[in-house]
Amino acid sequence: MLYPTTTASRTLIDLSGLWKFMIDEETKSITPTKPLPTEDVISVPASFNDQTASKKIREHVGYVWYETHFSIAKPLLNQRLVLRFGSATHEAWVYLNGEEITHHKGGFTPFEVQINDYLVDGGVNRLTVKLSNMLDYSTLPVGNYSESVDENGHKVRKLDENFDFFNYAGLQRPVKIYTTPKDYIDDIVVVPTVNFTDGSADVRVTTAVSGQFDHIEVNILDENGKLVGQTDGTDANVHLENVHLWQPLNAYLYTVRVTGYQEDEPVDTYSEPVGIRQIEVKNGQFLINEEPFYFKGFGKHEDSYIHGRGFNEPVNVLDIHLMKDMGANSFRTSHYPYSEEMMRLCDREGIVVIDETPAVGLMVSFGFDLSALERDDYEDDTWKSLKTADAHKQVIQEIINRDKNHACVVMWSIANEAATFSKGAHEYFKPLFDLARKLDPQKRPLTYTSIMMANPRSDKCIDLVDVIALNRYYGWYLNTGDLKTAEKLTRNELLEYQAKFPDKPIMYTEYGADTVAGLHSNYGEPFSEEFQEDYYRMASKVFDEIHNFVGEQLWNFADFQTKFGIQRVQGNKKGIFTRAREPKMVVRYLKNRWTTIPNFGYKK
Ligand code: BDP
């Protein structure tokens, strides 16, 4: 799926701004054939939750309504007009001038619909969107959903998130209308193959079109706009000499420009930024451009004050600067696909990304007997209760379709902390891994991030992953405050994984400790800034001893909002930055460490 941009044949209309907004209290029926019965407004794109001072709106579970108006300038009316949502969280019904024109389920991937047939002639169009923020055992993320009836006989919907972040919702990403000619380029798939001996590359460009073109021209331009390769056809191969590689923190982006011609006239053209690089997992190493890469970075969230999970480009830009300043080179899009704008930014900045699906909360049985997990036949309720397989397949298709060409994406994370230790997990995950391997044209490595209970003895799905990605909290959730024991447990587990799976690289995708900014302790007590630093020093020491350990992505880049809970004081405080992006003490330690660890060849 192409990102909407302007080109010589395409125009964009941005629908950002103030939209009418109301929560649906389900007392009176709301019909999209009429204007929304409210004068209240909300800003788009952003989560709706933190934009009003109303507790009722912030915590609303159910449906909400959005409405805006737009007109199409006359010269554009003979073009194909496509309405496109960067995302709509979590389920959307879209009406144009009262008529339902599309529906989409899944809150973190884009969808679009052609609108020409629904426009009012020369007039003002009313766009209405109904959204649901409900999650249950069939959705991703997974939510514990229940209904009851209050004293007035009204339905009360309750949602208990099965995950550790606030259930922000709304039109959180840009909503745009883009134009194309009637015959148009529908999709472009780019697969580079590098020849490291002679410094050349073959770039395979496959173009899907709708309509008729006499021929398709494929041009590759370098960063100065100079033409460096050209060929024809919907299945084209462009050979480039002296290729400039895309490298971590040293990005180089070519432009692949595809143009469809009719009778020698260019009709539609689209430009895709493309980095040329190669990814491979071999002998316990993660290779980028044939060199062993070491991940330094973070698990993150799309989370900021007021915007909630809404698109916040200044924050994205700042976050990348803060990462680079610390010597970090990577992050994971925990726990859902991030905005397309962020992915494009990472392409430009050379930030390495592990791209994660919204499959979080796939573990519904708690309170189990830990020792039982290691039995081969251990089985809890998770894979009997969850009905997420269809949503999971859909989102794997959507995320790969959206992000397949991004140089920054080096690996897909199929899920976060699922019950991979329970019987039934392998049967659930095997088809999903097969699907992802089949769909990704660049055949990137695959992983899931594993929860502590899934150790080398109990995890039933490790054979599916290319890289072992561990979320571990020794010294925090386990043996709280006891870093000596934590160090032993960390070491023992990593050595065990390495011995059992010598060909698979191992990395940490989460480790951390809640830390209240400004809280200090002479005794290095948990929650203090001193403890956070001691904790990271302990973990780093062990990482450096393990040969196949290829990366550290800590939890979390910044403090973030969560649901209430006795372990959460206005959110999760494991950030090494506060939610306002001010550094905690540990940033200096990590900066010292990471600026001395090379991106390549750290483990000899
Ligand atoms: C892990 C989850 C992450 C949480 C983190 C924590 O993957 O979403 O925020 O633990 O507890 O279980 O801080």
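Just so we're clear, the structure is a prediction, and the values are computed from it rather than from any experiment.

Whenever I open this one, the overall build of the protein chain confuses me. Can you help?
Across its full length, the protein chain holds nine helices and 30 strands. Computed over its C-alpha atoms, the radius of gyration of the protein chain comes to 25 Å, within 12% of the 25 Å expected for a compact globule of 604 residues. Once the C-alpha set of the protein chain is aligned to its principal axes, its extents read approximately 75 × 70 × 45 Å. The buried share of the protein chain, reckoned over its 604 residues, is 62%. A fraction of 72% describes how many contacts in the protein chain between residues 6 or more apart in sequence connect residues 24 or more apart. In the structure as shown, the protein chain presents an accessible area of about 23,900 Å², 49% of it carried by carbon and sulfur atoms.

Honestly, the packing of aromatic side chains in this entry has me stumped. Any pointers?
Aromatic ring pairs: the centre-centre distance and the angle between the two ring planes describe each pair. If you walk through the whole model with that rule in mind, you get 41 aromatic pairs. For the ring pair Phe21 and Tyr66, a centre distance of 5.1 Å and an interplane angle of 75° mean the geometry is edge-to-face. Pair noted here: Phe21 is in strand 2 (residues 17-23) and Tyr66 is in strand 4 (residues 63-70), with a separation of 45 residues, a long-range link. Per residue, the accessibility class of Phe21 equals that of Tyr66, and both read buried. Seen from their ring centres, Tyr508 and Phe543 are 4.9 Å apart, and the 70° between their planes marks the pair as edge-to-face. Residue Tyr508 is found in strand 29 (residues 506-510), and its partner Phe543 is found in helix 8 (residues 529-543); the two are separated by 35 residues along the sequence. Assessed through its relative accessible area of 0%, Phe543 is described here as buried.

Teacher, can you tell me more about a negative patch on the surface here?
Where like charges cluster on the molecular surface, the negative patch consists of Asp214, Glu263, Asp264 and Glu265. Within the secondary structure layout, Glu263 lies in the loop between strand 18 (254-262) and strand 19 (265-274). Its relative accessible area of 70% is what places Glu263 among the exposed residues.

What is the right way to look at helix 2 (residues 313-325) in this model?
Residues spaced three or four apart along an α-helix face the same direction, because each turn holds 3.6 residues. Between its terminal C-alpha atoms helix 2 stretches 18 Å, which fits the 18 Å expected from 13 residues at 1.5 Å a residue. Within the sequence span of helix 2, burial applies to Val315, Asn316, Asp319, Ile320, Leu322 and Met323. For helix 2, the arc enclosing every buried residue in end-on projection is 160°, short of the 170-degree limit, so these residues lie on one face. Exposed side of helix 2, more than 90 degrees from the buried face: Pro314 and His321 are the residues found there. At its buried positions, helix 2 is contacted by strand 23 (295-299), strand 24 (330-332) and helix 3 (340-349). At the C-terminal side of helix 2, Gly327 shows a positive phi close to 85°.

Please clarify how the sheet that holds strand 1 (residues 12-14) should be interpreted in this entry.
As a general point, the strands of a sheet are linked pairwise by backbone hydrogen bonds and lie either parallel or antiparallel. Spatially, 1-12-5-8 is the arrangement adopted by the four strands of the open sheet, whose pairing is antiparallel. Since the sheet does not close on itself, it has two edges, and those belong to strand 1 and strand 8 (111-114), each with one partner. This sheet shows a mean twist of 20° between the axes of neighbouring strands, independent of strand direction. Sheet topology note: the strand 5 (residues 80-85)/strand 8 ladder contains four bridges and is antiparallel. When the bridges of strand 8 are listed, Val82 appears paired with Gln114.

Each value, and the rule that gives it
- Residues numbered from 1 in each chain as written.
- Predicted model: local features only at pLDDT ≥ 70, side-chain atom pairs only at ≥ 80, totals over all residues.
- Heavy atoms only, no water.
- Helix = DSSP H or I, 4+ residues; strand = E, 2+ residues; numbered from the N terminus.
- Rg over C-alpha atoms; globule rule 2.2 N^0.38 Å.
- Buried < 20%, exposed > 50% of the residue type's maximum accessible area, 1.4 Å probe, protein only.
- Contact = heavy atoms within 4.5 Å.
- Areas by Shrake-Rupley, 256 points an atom, 1.4 Å probe, with all protein chains shown as cover.
- Phe/Tyr/Trp six-rings, centres within 6.5 Å; stacked < 30°, edge-to-face > 60°.
- Patch = residues over 30% accessible without salt bridge, like charges linked within 9 Å, V, L, I, M, F, W, Y side chains within 5 Å.
- Salt bridge = Lys/Arg side-chain N within 4 Å of Asp/Glu carboxyl O.
- Lys, Arg positive; Asp, Glu negative; His and termini not counted.
- Charge placed at Lys NZ, Arg CZ, Asp CG, Glu CD.
- Expected span 1.5 Å × (residues − 1).
- Arc of directions from axis to C-beta.
- Pairing = 2+ DSSP bridges.
- Axes fitted to C-alpha atoms, helices over the stretch in contact; angles between N-to-C directions.

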